[in-house]
Amino acid sequence: MRRKTSGLQLELRHSGWGGKRPGAGRKPQTGSGIPHLRRKGLASRFPCHVHLLVEAKDSDALGRGMKSLGARLARAVNRVFARSGPVLKDRYHHVVLKT
């Protein structure tokens, strides 16, 4: 026969770290060139010009590809010039090529 046990009651105190609170989060940078607005949809049949010619299945794939390309570029440039930190300052610009 099983014996009923009462659960152990723990008193948890909030330390003030984490969670939603006024002033939390990354502060906006001054002089950022491109506002972070939602981009238009992207059809897979049209390539894009982003200082390179790229093709992507959709907007999400293009975003992931550009993020990975930016990281790869930063690693290479930083290795060559013996430096560290970001290389690309802003978001990428793209022009959809329909012809």
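Our structure's up above, just so we're on the same page.
Below: a short report on this structure. Please read these numbers as outputs of a predicted model, since none were measured by experiment.

**Here's the deal with the overall build of the protein chain**
And step 1. Counting secondary structure elements, the protein chain contains one helix and three strands.
And step 2. Ordered by position from N to C terminus, the α and β elements of the protein chain give β-β-α-β.
And step 3. Relative to its 99 residues, the protein chain shows a buried fraction of 12%.
And step 4. Residue pairs at least 24 apart in sequence account for 58% of intrachain contacts in the protein chain once pairs closer than 6 positions are excluded.

**Describing the side chain of asparagine 78**
And step 1. In this fold, asparagine 78 is placed in helix α1 (residues 59-80).
And step 2. Here glycine 85 takes part through its backbone oxygen, which lies 2.8 Å from a polar atom of the side chain of asparagine 78.
And step 3. Not counting chain neighbours up to four residues away, the residues in contact with asparagine 78 comprise Arg83, Ser84, Gly85 and Val87.

**Side note on α1**
And step 1. Relative to the 32 Å expected for 22 residues at 1.5 Å per residue, α1 spans 31 Å between its end C-alpha atoms, a close match to the ideal helical length.
And step 2. Those residues of α1 not exposed but buried are Leu62, Met66, Gly70, Ala74 and Asn78. Taken around the axis of α1, the buried residues stretch over an arc of 120°, which confines them to a single face. Exposed positions of α1 whose direction lies more than 90 degrees from the buried face are Asp60, Arg64, Arg79 and Val80.

**So, unusual backbone geometry**
And step 1. Despite not being glycine, histidine 51 has its phi angle at roughly 65°, a positive value.
And step 2. By secondary structure assignment, the location of histidine 51 is in the loop between β1 (48-49) and β2 (53-54).
And step 3. Here histidine 51 falls in the exposed class, since its relative accessible area comes to 72%.
And step 4. The phi dihedral of alanine 82 is positive, around 50°, even though this residue is not glycine.
And step 5. By the element assignment, alanine 82 lies in the loop between α1 and β3 (95-96).
And step 6. You can call alanine 82 exposed: its relative accessible area is 72%.

**Regarding the packing of aromatic side chains**
In this description, a pair of aromatic rings is defined by centroid distance and the angle of the planes.
And step 1. Evaluated as defined, the whole model comprises zero aromatic pairs.
And step 2. One Lys or Arg, lysine 98, reaches over the ring of phenylalanine 46 and ends 5.5 Å from the middle of that ring.

**Considerations on a nonpolar patch on the surface**
And step 1. Residues Leu8, Leu10 and Leu12 make up a contiguous nonpolar surface patch of about 420 Å² in total accessible area.
And step 2. With respect to the element layout, leucine 12 can be found in the segment before β1.

Conventions adopted
Residues numbered from 1 in each chain as written. Predicted model: local features only at pLDDT ≥ 70, side-chain atom pairs only at ≥ 80, totals over all residues. Heavy atoms only, no water. Helix = DSSP H or I, 4+ residues; strand = E, 2+ residues; numbered from the N terminus. Buried < 20%, exposed > 50% of the residue type's maximum accessible area, 1.4 Å probe, protein only. Contact = heavy atoms within 4.5 Å. Polar contact = N/O pair within 3.5 Å; in protein donor to acceptor, adjacent residues only side chain to side chain. Expected span 1.5 Å × (residues − 1). Arc of directions from axis to C-beta. Phe/Tyr/Trp six-rings, centres within 6.5 Å; stacked < 30°, edge-to-face > 60°. Lys NZ or Arg CZ within 6 Å of the ring centre and 35° of its normal. Patch = residues over 30% accessible without salt bridge, like charges linked within 9 Å, V, L, I, M, F, W, Y side chains within 5 Å. Areas by Shrake-Rupley, 256 points an atom, 1.4 Å probe, with all protein chains shown as cover. Salt bridge = Lys/Arg side-chain N within 4 Å of Asp/Glu carboxyl O.

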